[in-house]
Amino acid sequence: MSATQSRPVERVPTDTSLAFVFGGGGARGACQVGMLRELLKLGMIPDLLLGVSVGALNAAVFGEQPNLDGVRKLNDLWLGAPLQSLFPRRRTLRYLSDRESVHPSIPLRKLIGDNLDMRDVADTKIPLHVLLADAYSGEESWFDEGPIVDILYGSAAIPGVLPPLRLGGRRFIDGGMVNPNPVQHAVELGANRIVLLLCGSLTPSFHSKGRPLATLLMGYALTQLSLTKVELANLPESVSIVVLECGTADSIDALDFRHSNLLITAGQRSVERSRERLSQLL
């Protein structure tokens, strides 16, 4: 097991520099399935995968089988798995109770294990880097090897919603808390062409969702978006990037998995809208 902040960062070869960055977004991550399908149809095969939170799971499933069969597997996961049962609404009152988290870790861990054959992050056919946040220091912790169920779980462990990951004497939480769309790290790894699979848009409007928790999550999403805009603004001029936006996801709660089919279709359309800019990356 290793995290890149404690050892030299390995760069990808200069002639293989296309990175797909899978951002976080909870239930909104379904849009990345549609995006992937259309990207492959355009002939775009990445040399490097980066993922955080739900994006890390999508990247891992795709990285294990980086072709249309892998996308079909992801499609089946989002449309067939009991995702809504991961965060049952009947436990809402637990947010007010004296406990570490509202939901247990076992259902998400099982979902991850049931949808991956590999056991280590390093086993993907395309190099994968997964972002977690150190619960004590708040620093980014990147893993390109290690127990995959643990690491993917930790990358999605929203504080208070899920228990933190305890691994190697450390505690980790959802990497999206510190960097929801880590494009800068792709540059540090040597990529000069990047596709960001964004679970939302860069210009969402804030509005009350009618439920305090949902409105709170929307406010949290806006905070994450500000971090993303800083990342994008500080990219070197030598880097070409296409941000695939999915505006449909802006109006969907991050813990509401009932809209996957709608989001998958919206993800496909986002690639269609960006076809000309994507062709410049080929």
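In this text the structure is predicted, and so the values were computed from the model without any measurement.

Quick word on the side chain of Thr 228
- Looking at the secondary structure, you find Thr 228 in helix H7 (residues 212–233).
- For Thr 228, a relative accessible area of 0% corresponds to the buried category.
- Ignoring any residue separated from it by four or fewer positions in sequence, one finds Thr 228 in contact with Pro 180, Asn 181, Leu 196 and Leu 202.

Concerning unusual backbone geometry
- For Ser 53, which is not glycine, the phi dihedral falls at a positive 60 degrees.
- Note on placement: Ser 53 falls in the loop between strand E3 (48–52) and helix H2 (54–64).

Here's the deal with the nonpolar core
- Judged by nonpolar contacts, the single largest core of 65 residues is most densely connected at Phe 20, Trp 78 and Val 195.
- Element by element, the count of residues in this core is highest for H2, at 7 residues.
- Every residue in contact with Val 195, bar those within four places of it in the chain, is listed here: Leu 18, Ala 19, Phe 20, Val 21, Leu 39, Met 44, Val 242, Leu 244, Leu 278 and Leu 281.
- Core analysis: the second largest hydrophobic core is formed by 20 residues, Leu 131, Val 187, Leu 189 and Leu 198 among them.

Scoring rules and cut-offs
- Residues numbered from 1 in each chain as written.
- Predicted model: local features only at pLDDT ≥ 70, side-chain atom pairs only at ≥ 80, totals over all residues.
- Heavy atoms only, no water.
- Helix = DSSP H or I, 4+ residues; strand = E, 2+ residues; numbered from the N terminus.
- Buried < 20%, exposed > 50% of the residue type's maximum accessible area, 1.4 Å probe, protein only.
- Contact = heavy atoms within 4.5 Å.
- Core = buried A, V, L, I, M, F, W, Y, C linked by side-chain atoms within 4.5 Å.

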